[in-house]
Amino acid sequence: MANSDDASTAQQAGTTGPEMLERAMDAFQLYEQGNYEDARHIFEELAERDPAEAYYRTALGAICLAEDDLDVALEHFHHALRLNPKDSAALVNRGEVHLRLGNIMEAAQDFARAVDLDPENKDPLTMRARLLAAAAIETIEAAQRSANSEQPKK
């Protein structure tokens, strides 16, 4: 949880911190099993009960990304990063959304930020960010080569 005020808000809603963590773990398992609808329902409930917790927004974004609802995924990742600018999962996933939407520069910025947050390359997400950044760079280079070959020769 983000802080004690948020925990007390969750407790007032009838759910304690450990219960919310257990619900989040259940929702994550549902997500991993591809049961996005049930996972979404739980994460939406958790996000409502603890609106300051970035993880729930990141999880909702990941669900939307898996379902190719890219615009909504982007909104969730933006929200998560407003709550926690160092959320590497949100950065990498938002970068992937940008890449799939053709926003290559935004994607590259998100991947670079994720890599910067893990200079020792300990987080598996950092490797994914590096691979996706390489794909983004290749896309930019291919576009530049294509543009150069289409220019009329003098």
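Keep in mind it's a predicted model, so treat the numbers as computed, not measured.

Criteria and cut-off values
- Residues numbered from 1 in each chain as written.
- Predicted model: local features only at pLDDT ≥ 70, side-chain atom pairs only at ≥ 80, totals over all residues.
- Heavy atoms only, no water.
- Salt bridge = Lys/Arg side-chain N within 4 Å of Asp/Glu carboxyl O.
- Helix = DSSP H or I, 4+ residues; strand = E, 2+ residues; numbered from the N terminus.
- Buried < 20%, exposed > 50% of the residue type's maximum accessible area, 1.4 Å probe, protein only.
- Axes fitted to C-alpha atoms, helices over the stretch in contact; angles between N-to-C directions.
- Parallel < 35°, antiparallel > 145°, perpendicular 65-115°, else oblique.
- Left-handed = near helix turned anticlockwise from the far one by under 90°.
- Contact = heavy atoms within 4.5 Å.
- Nonpolar A, V, L, I, M, F, W, Y, C, P; charged D, E, K, R; others polar.
- Phe/Tyr/Trp six-rings, centres within 6.5 Å; stacked < 30°, edge-to-face > 60°.
- Expected span 1.5 Å × (residues − 1).
- Arc of directions from axis to C-beta.

A word on the pattern of salt bridges
Alright, step 1. In the structure shown here, the tally under the stated rule is 9 salt bridges.
Alright, step 2. Salt-bridge contacts for Arg40 lead to Glu67; the nearest nitrogen and oxygen are separated by 2.1 Å. Here the residue Arg40 occupies a position in helix α3 (residues 36–49), and Glu67 occupies one in the loop between α4 (54–66) and α5 (70–83), the gap between them amounting to 27 residues.
Alright, step 3. Residue Asp68 pairs with Arg100 through a salt bridge whose shortest N-O separation is 2.0 Å. Taken together, the residues Asp68 in the loop between α4 and α5 and Arg100 in helix α6 (residues 88–101) connect sequence positions 32 residues apart.
Alright, step 4. Judged by its relative accessible area of 41%, Arg100 is partly exposed.

Here's the deal with the packing of helix α7 (residues 104–117) against helix α8 (residues 124–150)
Alright, step 1. Two elements in contact, α7 and α8, have axes separated by 9 Å at closest approach and are oriented at 150°. Looking at the two axes, α7 sits roughly antiparallel to α8. In the packing of α7 onto α8, the handedness of the crossing is left-handed. Contacts between α7 and α8 involve Ile104, Met105, Phe111, Ala114 and Val115 from the first element and Thr126, Ala129, Arg130, Leu132, Ala133, Ala136, Thr139 and Ile140 from the second.
Alright, step 2. Residues that form the contact of α7 with α8 fall into these classes: 10 nonpolar, 2 polar and 1 charged.

Some remarks on the packing of aromatic side chains
Alright, step 1. Tallied over the full model, the rule gives 5 aromatic pairs.
Alright, step 2. Judged by centre distance (6.1 Å) and plane angle (35°), the rings of Phe28 and Tyr31 are tilted. Of this pair, Phe28 and Tyr31 are both found in helix α2 (residues 17–32), 3 residues apart, which corresponds to roughly one turn of the helix.
Alright, step 3. We classify Phe28 as partly exposed; its relative accessible area is 35%.
Alright, step 4. With relative accessibility at 24%, the residue Tyr31 sits in the partly exposed group.
Alright, step 5. Ring centres of Phe43 and Tyr55 lie 5.7 Å apart, and the angle between their planes is 75°; this geometry places the pair in the edge-to-face category. A residue pair is termed long-range when its members are at least 10 positions apart, and Phe43 in helix α3 and Tyr55 in helix α4 qualify at 12 residues.
Alright, step 6. A relative accessible area of 1% places Phe43 in the buried class.

A short note on α7
Alright, step 1. Given a rise of 1.5 Å per residue, 14 residues ought to cover 20 Å, and the 20 Å separating the end C-alpha atoms of α7 matches this to within 8%.
Alright, step 2. Turning to α7, its buried residues number three or more, namely Ile104, Ala107, Asp110, Phe111, Ala114 and Val115. End-on view of α7: buried residues confined to an arc of 135°, all on one side of the axis. In this structure, α7 carries Met105, Gln109 and Asp116 as exposed residues pointing more than 90 degrees from its buried face.
Alright, step 3. If you follow the buried residues of α7, they end up packed against α6 and α8.

Read these as spatial facts, not as claims about activity.
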